Amino acid sequence: MSTQQESPAVAIARAHVEAWSKHDFDSARSLLADDVKVTATSSNPALPQTDLTGADNYMAGLIAYAQPIVPGSVRILASTGDERNALLTMTMTMAGGPFGAGATAPCARLYVLDDDNKIKTEQVIFYVAGL
């Protein structure tokens, strides 16, 4: 299978990011498998490590993460994927939270979809300078 910038998995990953970045959490939730698993990490020990399973746990963490994002600041820098896998790199500006007000928070997000085209797995890596 070839990878492409606008593959089916990339389209779903982009829709998910667009939904939560606009605080449309119902739409973001609708793209998740019930047993979704998310891990998030950073080399910076000041940032919390995340390892959650289940859509309800995922959404609680996502809402806490997305609330302090400056509205309209999320930018997808690059994307690639195929029918089941997607990788997005993006950046955003934070208004607060563990990153701090005004911090630029680049990240990479790796997605795997299930047979129903729902997000089954998401792995997130953050980089925040100066923390």
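To start, this report covers the structure provided alongside it. What you are looking at is a predicted structure, and each value in this text was computed from that prediction instead of being measured. (Residues numbered from 1 in each chain as written. Predicted model: local features only at pLDDT ≥ 70, side-chain atom pairs only at ≥ 80, totals over all residues. Heavy atoms only, no water.)

### Some points on unusual backbone geometry
Working note: non-glycine residues mostly have negative phi, and peptide bonds are mostly trans. The phi dihedral of His 23 is positive, around 60°, even though this residue is not glycine. Within the element layout of this structure, His 23 appears in the loop between helix 1 (8-21) and helix 2 (25-30). Owing to a relative accessible area of 31%, His 23 belongs among the partly exposed residues under this scheme. (Helix = DSSP H or I, 4+ residues; strand = E, 2+ residues; numbered from the N terminus. Buried < 20%, exposed > 50% of the residue type's maximum accessible area, 1.4 Å probe, protein only.)

### Digging into helix 1
Taking 1.5 Å of rise per residue, the 14 residues of helix 1 would be expected to cover 20 Å, and the 20 Å separating its terminal C-alpha atoms lies within 8% of that figure. Along helix 1, the positions that sit buried rather than exposed are Ala 9, Val 10, Ile 12, Ala 13, His 16, Val 17, Ala 19, Trp 20 and Ser 21. Trailing helix 1 by a residue or two, His 23 shows a phi angle of about 60°, which is positive. (Expected span 1.5 Å × (residues − 1).)

### Quick word on the packing of aromatic side chains
Summed over all chains, the structure comprises 2 aromatic pairs. Seen from their ring centres, Trp 20 and Tyr 65 are 5.6 Å apart, and the 65° between their planes marks the pair as edge-to-face. Placement of Trp 20 in helix 1 and of Tyr 65 in helix 3 (residues 55-66) is noted, with a sequence separation of 45 residues between them. The residues Trp 20 and Tyr 65 share a single accessibility class, namely buried. Where Tyr 65 meets Phe 126, the ring centres are 5.4 Å apart and the plane angle is 50°; that geometry is what we call tilted. Separated by 61 residues along the polypeptide, Tyr 65 in helix 3 and Phe 126 in strand 6 (residues 119-126) bring together distant segments of the chain. Assigned by exposure class, Tyr 65 and Phe 126 land together as buried. (Phe/Tyr/Trp six-rings, centres within 6.5 Å; stacked < 30°, edge-to-face > 60°.)

### Describing the pairing of strand 5 (residues 107-113)
The alternating pattern of strand 5 places Cys 107, Arg 109, Tyr 111 and Leu 113 on a buried face and Ala 108, Leu 110 and Val 112 on a face that is not buried. Relative to strand 5, strand 4 (residues 85-91) is paired through 6 bridges, and the arrangement is antiparallel. By the bridge assignment for strand 5, Leu 88 is matched with Arg 109. Note that strand 5 and strand 6 share 7 bridges and pair antiparallel. (Pairing = 2+ DSSP bridges.)

### Observations concerning the side chain of Ser 79
Positionally, Ser 79 belongs in strand 3 (residues 75-81). A distance of 3.1 Å separates the side chain of Ser 79 from the side chain of Arg 14, its partner in a polar contact. (Polar contact = N/O pair within 3.5 Å; in protein donor to acceptor, adjacent residues only side chain to side chain.)

### What about the pattern of salt bridges?
Inspection of every chain in the model, using the stated rule, returns 5 salt bridges. Glu 18 is paired through a salt bridge with Lys 22; the nearest N and O atoms lie 3.0 Å apart. With a shortest N-O distance of 2.6 Å, Arg 109 and Glu 122 are connected by a salt bridge. Placement of the pair is Arg 109 in strand 5 and Glu 122 in strand 6, with a sequence separation of 13 residues. The pair formed by Arg 109 and Glu 122 is uniform in burial state, with each residue classed as buried. (Salt bridge = Lys/Arg side-chain N within 4 Å of Asp/Glu carboxyl O.)

### Regarding the nonpolar core
In terms of nonpolar packing, the biggest core is built from 37 residues, with Trp 20, Ile 69, Met 90, Met 92 and Ile 119 touching the most fellow members. Element by element, the count of residues in this core is highest for helix 1, at 7 residues. What Met 90 contacts, discounting residues up to four positions off in sequence, is Val 17, Trp 20, Val 74, Arg 75, Ile 76, Leu 77, Ala 105, Pro 106, Cys 107 and Arg 109. (Core = buried A, V, L, I, M, F, W, Y, C linked by side-chain atoms within 4.5 Å. Contact = heavy atoms within 4.5 Å.)

### Focus on the environment of Ser 21
In this fold, Ser 21 is placed in helix 1. Sequence separation between Ser 21 and Ala 78 is 57 residues; the distance between their C-alpha atoms is 17 Å. At 3.1 Å, the side chain of Ser 21 forms a polar contact with the backbone oxygen of Glu 18.

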